[in-house]
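Commentary on secondary and tertiary structure
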Amino acid sequence: VGLAHSLAIAADGSVWSWGCACRLGHGDDENQLQPKKIEAFAGQRVIAVSAGSNHSLAITADGAVWTWGLDGRQLGTSDNLLPKKIESMAGQRVVAVAADLKHSLALTTDGGVWSWGDGFYGMLGHGDRKDQLLPKKIEAFAGQR
């Protein structure tokens, strides 16, 4: 559940969304009062989702991360009204994601934790307050499982 939208995964791996328009992944700016299937995932099996304030994340069965919504900082791409794969995570198999107000996190099978988005307050874990437009591995977790 996000700030103004909700996501659900059906048994077949399809993703459904409803609520405030630009966060829904349908490619338009229409609010949805009932769950609507995100057609951009046709042919993909989604295994996890996370809804943030103005964006959403999904993991497909192949371990890829997809994102959509507003404010490119936490998307790892530019603003997207449709789900878009985060290409900079290619080669990483992601097993969990978390979308927050202005940043995102991903956990990979090798135990790596990646963050991107608004770095204010140091919430990205990189030892600074810089925004990170693309996913960056948090080095403090190196060697941890």
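In short, a report on the structure. (Residues numbered from 1 in each chain as written. Predicted model: local features only at pLDDT ≥ 70, side-chain atom pairs only at ≥ 80, totals over all residues. Heavy atoms only, no water.)

1. Focus: the sheet that holds strand β2 (residues 15-19)
If you trace the three strands from one edge of the open sheet to the other, you get β1-β2-β3, paired in antiparallel fashion. At either end of the open sheet lies a strand with only one pairing partner, and these are β1 (5-9) and β3 (32-37). Between one strand axis and the next, the sheet turns through 15° on average, direction left out of account. With five bridges joining them, β1 and β2 adopt antiparallel strand pairing. From the neighbouring strand, His5 faces β2, where its bridge partner is Gly19. (Pairing = 2+ DSSP bridges. Helix = DSSP H or I, 4+ residues; strand = E, 2+ residues; numbered from the N terminus. Axes fitted to C-alpha atoms, helices over the stretch in contact; angles between N-to-C directions.)

2. Some details on a nonpolar patch on the surface
Where nonpolar side chains cluster on the molecular surface, the patch consists of Phe120, Tyr121 and Met123 and spans about 350 Å² of accessible area. When you line up the elements, Tyr121 lands in the loop between β10 (113-117) and β11 (132-137). A relative accessible area of 67% means that Tyr121 is categorised as exposed. (Patch = residues over 30% accessible without salt bridge, like charges linked within 9 Å, V, L, I, M, F, W, Y side chains within 5 Å. Areas by Shrake-Rupley, 256 points an atom, 1.4 Å probe, with all protein chains shown as cover. Salt bridge = Lys/Arg side-chain N within 4 Å of Asp/Glu carboxyl O. Buried < 20%, exposed > 50% of the residue type's maximum accessible area, 1.4 Å probe, protein only.)

3. As for the nonpolar core
Ranked by size, the top nonpolar core spans eleven residues in total: Leu57, Ile59, Val65, Ile86, Met89, Val94, Val97, Ala99, Ala106, Trp114 and Trp116. Taken together, the elements giving at least two residues each to this core come down to β5 (55-60), β8 (94-99) and β10. In terms of residue count, β8 provides more of this core than any other element does, three residues in total. Sequence-distant contacts of Ala99, defined by excluding residues within four places in its chain, comprise Ser50, Ala51, Gly52, His55, Leu57 and Ser104. Listed in part, the ten residues of the second largest apolar core include Phe41, Ala51, Trp66 and Trp68. (Core = buried A, V, L, I, M, F, W, Y, C linked by side-chain atoms within 4.5 Å. Contact = heavy atoms within 4.5 Å.)

4. Section: the side chain of Gln32
For Gln32, the position within the fold is in strand β3. Not counting chain neighbours up to four residues away, the residues in contact with Gln32 comprise Ser17, Trp18, Gly19, Leu24 and His26.

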